[in-house]
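Residue-level listing of the chains:
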Amino acid sequence: MPSKHSLITLVATLASYAVLGYLLLGPRSPPAPRNPLVEILPHAIAAVNAANIAVILSGYTAIRRKRVRRHKILMTASFILIASFLLMYITRLYLGGVKEFAGPAIIRDLVYLPALGIHLGLSIVSVPLVLYNVLTGWTLDVGTVGKTKHRAVGRWAVRAWTVSLALGVLVYLLLNYL
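Residues numbered from 1 in each chain as written. Predicted model: local features only at pLDDT ≥ 70, side-chain atom pairs only at ≥ 80, totals over all residues. Heavy atoms only, no water.

## Details of the side chain of T162
Right, on to step 1. Relative to the elements of secondary structure, T162 occurs in helix α6 (residues 150–177).
Right, on to step 2. Exposure remark for T162: the relative accessible area of 13% places this residue in the buried category.
Right, on to step 3. With sequence-adjacent residues up to four places away left out, T162 is seen in contact with I53, I56, L57 and A157. (Helix = DSSP H or I, 4+ residues; strand = E, 2+ residues; numbered from the N terminus. Buried < 20%, exposed > 50% of the residue type's maximum accessible area, 1.4 Å probe, protein only. Contact = heavy atoms within 4.5 Å.)

Structural data, given as structure tokens:
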């Protein structure tokens, strides 16, 4: 029988995928001309993602050093950054702020598209891992968390999410500065 945390993770993950799927694949209105928010959001998203890499790795380092309280604070901060990213990303999509790669075809084919594909794939995989660990970390006491799959899931979540974030920043740089 799946745990309560697993079931909540499943429902929250499916709801997240449904909202993002609709925004990515559903009907789009053209972006408002010169909308300042659409212009600013990609830069803010990249900054939040870059900061989140440092926060996640600091949280991972804290738990490796048995600093549980510091780990929990850092991973909560990371989750807040992830939620901020998601809010900005959904807002940007809703406003029609989608940008196509305009650089050289060889860079598009050999760097941009593979980086984007891996970034998206790892983002999709990371959602349930992150949600499960946030739920177990926030709702269970330290002694009980150790009896769940929190540690094993966390190891994969840190790897997948960190690489996804780094590739997201790379994609941003390629889209905006190449």
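Text resumes after the structure shown.
## Thoughts on the environment of A157
Right, on to step 1. With respect to the element layout, A157 can be found in helix α6.
Right, on to step 2. Overall, the relative accessible area of 8% leaves A157 in the buried class.
Right, on to step 3. Considered as a pair, A157 and S126 are 31 residues apart in the sequence and their alpha carbons are 5.8 Å apart.

## Focus: the packing of helix α3 (residues 68–94) against helix α4 (residues 105–139)
Two numbers describe a pair of packed helices, the interaxial angle and the distance between the axes.
Right, on to step 1. Across the interface, α3 lies against α4 with an axial gap of 11 Å and an inter-helix angle of 135°. Classified by the angle their axes make, α3 and α4 are oblique. Our pair here, α3 against α4, has a crossing hand that is left-handed. Every residue of α4 that contacts α3 at K72, T76, F79 and I82 is listed here: V130, L131, V134, G137 and W138.
Right, on to step 2. A per-class count over the contact of α3 with α4 returns six nonpolar, two polar and one charged. (Axes fitted to C-alpha atoms, helices over the stretch in contact; angles between N-to-C directions. Parallel < 35°, antiparallel > 145°, perpendicular 65-115°, else oblique. Left-handed = near helix turned anticlockwise from the far one by under 90°. Nonpolar A, V, L, I, M, F, W, Y, C, P; charged D, E, K, R; others polar.)

Note that all results are geometric; they support no functional claim without further evidence.
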